[in-house]
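Breakdown of the fold
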Amino acid sequence: MTGADLPPYAHALGIEIDRIEDGTPVLGVDFSDRILGRPGFLHGGAMSGLMEMAAIAALRAEMERRGEAMKLKPVNVAVEFMRGGTAQRTFAMGTVTRAGRRVALVNAECWQDDRAKPIALAQMKILLSASAE
């Protein structure tokens, strides 16, 4: 997976693939006016978007490992904001909990300077369908 594989929404926010850990992309975004909420803090929607992109990137990486081409359709997302994100680089990574034939469950975490202290967590349910390639 490369940065070119990220959707236009990710590029609009400045989200990029920071690194790959154990085959799973870790996404990062630098603090900027594009993701500013209240002065000096990240917008909650930007954190949610970052985690959604991380969850999808993790699921795509899992599908690539399996050699399966699937269309992904997010069904729902639940986000828990744990603390305010401050004016610094922010990271997110998804973990595929289950990827069956029709549905995938993916968790994502968002952190800044200390991964052990996440600023937000998310759970996503994603419908899978065969891709017409």
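Residues numbered from 1 in each chain as written. Predicted model: local features only at pLDDT ≥ 70, side-chain atom pairs only at ≥ 80, totals over all residues. Heavy atoms only, no water.

1. Looking at the sheet that holds strand 2 (residues 24-29)
In plain terms, the rule: Strand pairing follows a simple DSSP-based rule, namely that at least 2 bridges must link the two strands. Helix and strand assignments come from DSSP, with helices taken as H or I runs of at least 4 residues and strands as E runs of at least 2, each series counted from the N terminus. To obtain each axis, a line is fitted to C-alpha atoms, and for helices this fit is confined to the stretch in contact; angles are then taken between N-to-C directions over 0 to 180 degrees. By definition, residues are in contact when any of their heavy atoms lie within 4.5 Å.
Ordered in space as 1-2-4-5-6-3, the six strands form an open sheet in which the pairing is antiparallel. Across the chains shown, the open sheet's two edge strands, defined by having one partner strand only, are strand 1 (16-21) and strand 3 (70-81). Taken pair by pair, the neighbouring strands of this sheet meet at an average axis angle of 25°, ignoring direction. Note that strand 1 and strand 2 share five bridges and pair antiparallel. By the bridge assignment, glutamate 21 is partnered in strand 2 with threonine 24. On the sheet, helix 2 (residues 44-66) packs against strand 2, strand 3, strand 4 (90-99), strand 5 (103-111) and strand 6 (120-130) and is oriented at approximately 45° with respect to strand 4.

2. Section: the side chain of threonine 90
Rule in force here: Any N or O atom pair separated by 3.5 Å or less is treated as a polar contact, with the protein-specific requirement of one donor-capable and one acceptor-capable atom, and with residues adjacent in sequence counted only for side-chain atom pairs.
Positionally, threonine 90 belongs in strand 4. There is a polar contact of 3.3 Å between the side chain of threonine 90 and the backbone oxygen of glutamine 88. Only 2.9 Å separates the side chain of threonine 90 from the side chain of glutamine 112, close enough to count as a polar contact. Among residues more than four places away in sequence, those in contact with threonine 90 are Leu27, Gly28, Val29, Leu42, Leu50, Cys110, Trp111, Gln112 and Ile119.

3. Here's the deal with helix 2
Note the threshold: Here the expected length of a helix is defined as 1.5 Å per residue gap, with one fewer gap than residues.
The end-to-end C-alpha separation of helix 2 is 33 Å, in line with the 33 Å expected for 23 residues at 1.5 Å each. Just downstream of helix 2, glycine 67 is the residue with a positive phi angle, here 75°.

4. Some words on the pattern of salt bridges
As a reminder, the rule being used: Salt bridge, as applied in this entry: a Lys or Arg side-chain nitrogen positioned within 4 Å of an Asp or Glu carboxyl oxygen. Only protein chains enter the accessibility calculation, which uses a 1.4 Å probe. A residue is then buried if its area is under 20% of the maximum for its type, exposed if over 50%, and partly exposed in between.
Taken as a whole, this structure holds nine salt bridges when the rule is applied. A salt bridge links arginine 89 to glutamate 16, with the nearest nitrogen and oxygen atoms 3.0 Å apart. Here the residue arginine 89 occupies a position in the loop between strand 3 and strand 4, and glutamate 16 occupies one in strand 1, the gap between them amounting to 73 residues. We classify arginine 89 as buried; its relative accessible area is 19%. Since its relative accessible area comes to 38%, glutamate 16 is described here as partly exposed. Here glutamate 21 makes a salt bridge to arginine 19, at a shortest N to O gap of 3.0 Å. The exposure class assigned to arginine 19 is partly exposed, which follows from its relative accessible area of 31%. Each of Glu16, Asp18, Arg19, Glu21, Asp30, Arg89, Glu109 and Arg115 takes part in a single network of salt bridges with overlapping partners.

5. Comments concerning the side chain of threonine 24
Considering the arrangement of structural elements, one finds threonine 24 in strand 2. Residue classification places threonine 24 among the buried residues on the basis of a relative accessible area of 11%. Among all residues touching threonine 24, those that are not within four sequence positions of it are Arg19, Ala58, Arg65, Met93 and Gly94.

6. Digging into the environment of isoleucine 56
Structurally, isoleucine 56 can be placed in helix 2. Spatially, the C-alpha atoms of isoleucine 56 and methionine 93 are 9.6 Å apart, while their sequence positions differ by 37 residues. Setting aside its immediate chain neighbours within four residues, isoleucine 56 contacts Leu72, Pro74 and Ile126.

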